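Letter by letter, the chains look like this.
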Amino acid sequence: MADGKLATRTVSYVILDLDGTLLNTDGIVNEVLKVFLLQYGKKWDSKKAHRIVGMTPLEAVSLVVKDYELPCTIEEFISAITPMFLDQWCNIKALAGATRLIKHMRNHEVPMALASNSPKSNIKEKISFHQGWKESFSVIIGGDEVAMGKPSPEIFVEAAKRMNADPSNCLVLEDSLPGVMAGKAAGMVVIAVPSIPKQGDLYSSADEVINSLLDLHPEKWGLPPFDDWIEDTLPIEPCYIGGPVIRGFGRGLKILRIPTANLSAENFSAILSEHNSGVYFGWAGLSTRGIYKMVMSIGWNPYFDNTEKTIEPWLLHDFDENFYGEELRLAVVGYIRPEANFPSLESLIARIHEDRRIVEKALDLPIYVGYKESPFLRTPCN
């Protein structure tokens, strides 16, 4: 929790942000702006995308027009790009843990509101592609229904008012700094789920900072706890990826004494975008060797301070030789923990081996063991 603070308040209502908190909107924004800016001979810099996170649509457009010195008015920009976004709303995927959270709160009859800087019509269009979402919210409020968007607290105060809730009895989940500021200014409990990589320290005003929705423990705030963890693991919607094994940073065997079978991040930008950083596990198939238990990290490996997000699987088997270039197929079926930094190399290695112990045991459970027979693990990539 931020600054080591302990939870001292309980809440009865939940208010959720949408873009970047529940939906992986960033990937769509990057793709649309990339195509749009090419019309002006400009190249979209996705590494600067964090500058528009949490802004109102008008603020974001104004910044892009200014930054890229576009020869058009803000109105012309909005008119031209809006249809491009509308065509892509159906392709926005839910972030890990989003549907689980919504379903959990709905099943326990916890009143929920959706409060986003986006126009209400856009909110409804986006969530219409996710079964069960719309009917789960007693209140949906857009940025076009209030005088000022986040970081003004107005949208959260209005959401509480429409739920007949006292602001102090509300929990806000937000990915952006403006959203966190708005929630705190409204007098609410705020949990930050930062969408900007490696920037968790900026969210110190939040009551709690978590890596992803998978790491949410609602019981800390007096809400019903999740009951789907099994033997220190969380089952997730299976994800299947594959490709040739490449040489990594050289630290797996040399430094950690843990040989990882790295996959090229360039080929899995969508997977990396859709999955929060953390430690996952499942089954791995090598085209010429067999099927093995596997634990893997997705993220920046804070101890080594990676500059790029990576996928680093560790096949839980002692191999006599490396297998660079061989085809590796992965069935990712569960989650263990968030990515974390460690005070020493020894503590990092100890935690990795603890991950192995958990995975070795968990993959024998009925809920996971069946995935070992997945045809995907045995079918060669095209």
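Starting from 1, residues in each chain are numbered consecutively following that chain's sequence as written. Under the rules for a predicted model, residues below a pLDDT of 70 receive no local features and side-chain atom pairs below 80 are neither given nor counted, while totals for whole chains, interfaces and linings still include all residues. For side-chain calculations, the full set of non-hydrogen atoms in the structure is used, while hydrogens and water are omitted.

Here we look at the overall build of the chain
Strands here are runs of E lasting at least two residues and helices are runs of H or I lasting at least four, both read from the DSSP assignment and numbered beginning at the N terminus. When helices and strands are tallied, the chain shows eleven helices and eleven strands. Whether a residue is buried, partly exposed or exposed follows from its accessible area with a 1.4 Å probe, protein chains only, as a fraction of its type maximum: under 20%, in between, or over 50%, in that order. The buried share of the chain, reckoned over its 382 residues, is 51%. Contacts in the chain between residues at least 24 apart in sequence constitute 70% of all its contacts with a sequence separation of at least 6. Should any heavy atoms of two residues lie within 4.5 Å, those residues are counted as being in contact.

Some details on the sheet that holds strand 9 (residues 290–299)
Taken together, five strands build an open sheet; the order of strands is 7-11-8-9-10 and the sheet is antiparallel. On the outer flanks of this sheet lie strand 7 (234–244) and strand 10 (310–315), each paired with one strand and no other. Ignoring which end each strand starts from, the neighbouring axes of this sheet average 30° apart. To get an axis, a line is fitted to the C-alpha atoms, and for a helix only the part in contact is used. The angle between two axes follows their N-to-C directions and goes from 0 to 180 degrees. Of the strands in this sheet, strand 8 (278–286), strand 9, strand 10 and strand 11 (327–337) are in contact with helix 10 (residues 345–362), which crosses strand 11 at around 95°. Paired strands, in this sense, are two strands between which DSSP finds at least two bridges.

Points about the pattern of salt bridges
Think of it this way: side chains of opposite charge can pair up when their charged atoms draw near. One side-chain nitrogen of Lys or Arg within 4 Å of one carboxyl oxygen of Asp or Glu is enough to make a salt bridge. For the structure on display, the rule yields 18 salt bridges. Residue Glu-145 is joined to Arg-162 by a salt bridge in which the shortest nitrogen-to-oxygen separation is 3.3 Å. A residue pair is termed long-range when its members are at least 10 positions apart, and Glu-145 in the loop between strand 3 (139–142) and helix 6 (154–162) and Arg-162 in helix 6 qualify at 17 residues. Lys-361 is paired through a salt bridge with Glu-231; the nearest N and O atoms lie 3.4 Å apart. Here Lys-361, found in helix 10, pairs with Glu-231, found in the loop between strand 6 (208–209) and strand 7; they are 130 residues apart in sequence, far enough to count as distant. If you follow the salt bridges from partner to partner, you end up with Lys-120, Glu-145, Glu-158 and Arg-162 in one network.

Section: the sheet that holds strand 4 (residues 170–174)
The sheet built from six strands is open, its strands ordered 3-2-1-4-5-6 with parallel pairing. The open sheet has two edge strands with one neighbour each: strand 3 and strand 6. As judged from the three bridges shared by strand 1 (residues 13–16) and strand 2 (residues 112–116), these two strands associate in the parallel manner. In the strand pairing of strand 2, Ile-15 is matched with Ala-113. Helix 5 (residues 120–127) contacts strand 2 and strand 3 of the sheet and is inclined by roughly 130° relative to strand 3.

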